[in-house]
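Geometric and topological summary
The primary structure of each chain is shown beneath.
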Amino acid sequence: IEIDGVPTGGMLFRHDTLRQFAGGQLQGQPRPLVHHLLVLLHDIHVDRSADAAIAKLKGLGFDLATTHVRRWQDADVIVVGAAAGDTASSQFWVDAKRLVVVRVIQQAPNGSIADTHVGGFTAEGDALVEREIRFHADGTFRMHEEYTWVRTGLAIDPAVFDPGHLDPPAWIAEYKAGSL
């Protein structure tokens, strides 16, 4: 993940481990991190093992046996992880028609509530891809991620996920150069 305003900086998530970069260099030691959005938005679609994704979600504190249906943003959603009226338990909300995660609520160890809104979905190839994610903490807006250039169905060289390999794939370099 590249971060605007941080030259050659960003984050690399690989095998449930986070590595951070700045100035084109690895910063600190890699640390274990199962990122809830990566599991909910991506792993469940591409992981060959449903059991692995289920174990990760349970490990993140989601009670997969507790669900209810409600309305949110003019759509029916299936809330997984909380009973009706519970706004504090770790839970994720799935659009009942499109079957995509649209909201995630998690309680941090310090008691604060993180509320993540996922939206702006567009059809890209045969995939439905989120285009924006809004992060809130304790009811206060904190950050907005926007994905403006998305491509699906591309073969990605595994070297891209090697922490020692900092060059972007050719198609990203071409995009940045304005040739696509």
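Residues numbered from 1 in each chain as written. Predicted model: local features only at pLDDT ≥ 70, side-chain atom pairs only at ≥ 80, totals over all residues. Heavy atoms only, no water.

Before going further, it helps to examine the pattern of salt bridges. Here the structure, examined in full by the defined rule, presents seven salt bridges. A single network of salt bridges, built from pairs that share partners, joins Asp16, Asp43 and Lys56. (Salt bridge = Lys/Arg side-chain N within 4 Å of Asp/Glu carboxyl O.)

Next up on the list: the side chain of Arg19. Residue placement: Arg19 occurs in strand β2 (residues 17-22). On the basis of relative accessibility, which here comes to 16%, the residue Arg19 falls in the buried class. Leave out the neighbours within four places in its chain, and Arg19 touches Gly10, Met11, Leu12, Arg14, Leu26, Pro30 and Pro163. (Helix = DSSP H or I, 4+ residues; strand = E, 2+ residues; numbered from the N terminus. Buried < 20%, exposed > 50% of the residue type's maximum accessible area, 1.4 Å probe, protein only. Contact = heavy atoms within 4.5 Å.)

So, on to the nonpolar core. Leu37, Leu40, Phe92, Trp93, Val101, Val102 and Val104 are the most contacted members of the largest nonpolar core, which totals 23 residues. Setting aside chain neighbours within four positions, we find Leu40 in contact with His45, Leu57, Phe62, Phe92, Val101 and Val104. (Core = buried A, V, L, I, M, F, W, Y, C linked by side-chain atoms within 4.5 Å.)

Next up on the list: the sheet that holds strand β1 (residues 10-14). One open sheet holds the three strands; their spatial order is β1-β2-β3, and the pairing between them is antiparallel. Of all strands in the sheet, those with a lone pairing partner are β1 and β3 (25-32), marking the two edges. Mean inter-strand twist for the sheet, computed between neighbouring axes without regard to direction, equals 20 degrees. Relative to β3, β2 runs antiparallel, the two sharing five bridges. Bridge pairing in β3 places Thr17 opposite Pro32. (Pairing = 2+ DSSP bridges. Axes fitted to C-alpha atoms, helices over the stretch in contact; angles between N-to-C directions.)

On to the pairing of strand β7 (residues 101-107), then. A large share of β7 lies buried, amounting to six of its seven residues. The turn joining strand β6 (residues 91-95) and β7, which pair antiparallel and follow one another in sequence, is formed by five residues; a positive phi near 55 degrees is taken by Leu99. Direction of pairing for β7 relative to strand β8 (residues 113-119): antiparallel, over a ladder of five bridges. Across the sheet, the residue bridging to Gln106 is Ala114, located in β8. Connecting the antiparallel pair β7 and β8 is a turn made up of five residues, with Gly111 showing a positive phi of about 95 degrees.

The next point concerns the sheet that holds strand β12 (residues 140-146). Reading across from one edge, β4-β5-β6-β7-β8-β11-β12 is the order of the seven strands in this open sheet, with antiparallel pairing throughout. Each having just a single partner strand, β4 (67-72) and β12 make up the two edges of the open sheet. Taking the axes of each pair of neighbouring strands and ignoring which way they run, one obtains an average angle of 20 degrees across the sheet. Note: β4 against strand β5 (residues 75-80), six bridges, orientation antiparallel.

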